[in-house]
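Each chain is listed here by its residues.
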Amino acid sequence: VARDEPWRRERVLRLAAEFRAGAEALGLRLAASQTPIQPVIAGDERAALAMSAALFDAGFFVPAIRPPTVPAGSSRLRFTFSAAHRDEDVERLLEALATLARRGVPA
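Let me begin by describing the structure that accompanies this report.

Cut-offs applied
Residues numbered from 1 in each chain as written. Predicted model: local features only at pLDDT ≥ 70, side-chain atom pairs only at ≥ 80, totals over all residues. Heavy atoms only, no water. 1 Å grid on protein atoms, 1.4 Å probe; cavity = no way out; pocket = protein on both sides within 12 Å on 5 of 7 lines; lining within 4 Å. Points joined across faces, edges and corners; volume = space filled by probe spheres on them. Helix = DSSP H or I, 4+ residues; strand = E, 2+ residues; numbered from the N terminus. Nonpolar A, V, L, I, M, F, W, Y, C, P; charged D, E, K, R; others polar. Axes fitted to C-alpha atoms, helices over the stretch in contact; angles between N-to-C directions. Parallel < 35°, antiparallel > 145°, perpendicular 65-115°, else oblique. Left-handed = near helix turned anticlockwise from the far one by under 90°. Contact = heavy atoms within 4.5 Å.

**Some points on the layout of surface pockets**
Item 1. Here the largest pocket is characterised by a volume of approximately 230 Å³.
Item 2. Forming the boundary of the largest pocket are 14 residues, of which F60, F61, T80, H85 and L93 lie nearest the centre.
Item 3. Secondary-structure elements contributing two or more residues to the lining of the largest pocket are β3 (75–80) and α3 (87–103).
Item 4. When residues in the lining of the largest pocket are grouped by element, the largest group, 4 residues, is from α3.
Item 5. Taken together, the residues that form the lining of the largest pocket break down as 8 nonpolar, 3 polar and 3 charged.

Right, here's the structure in full:
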């Protein structure tokens, strides 16, 4: 599939780049990544869990990655994109993140 349908790779990387640009515009701290996996650094373990739970309530499954998987103080959210996601999915996700930021949910 990867060889026969290169549009899939191009699409997923474009979606990840759009998410990254939108997340940076919201002031979120992102770890370096040019892949479909986009880590947003929350820092504190409780902040990562709170944000993950709030996103779940908004209809998004975004796991919190915490120690011992990552070093203490670098807990993060793991956003994973696929070619099956739509542009609208990324837009809704960024809107949900903006809403959380306005409500003061830590990130």
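Right, picking up where we left off after that structure.
**Describing the packing of helix α1 (residues 6–25) against α3**
Item 1. As a packed pair, α1 and α3 sit with axes 10 Å apart at the nearest point and diverge in direction by 20°. On the basis of the axis angle, α1 is roughly parallel to α3. As α1 packs across α3, the resulting crossing turns out to be right-handed. When α1 is examined against α3, the residues R11, R14, L15, E18, F19, G22 and A23 are found in contact with a partner set consisting of D87, V90, L93, L94 and L97.
Item 2. When its residues are assigned to classes, the contact of α1 with α3 shows 7 nonpolar, 1 polar and 4 charged.

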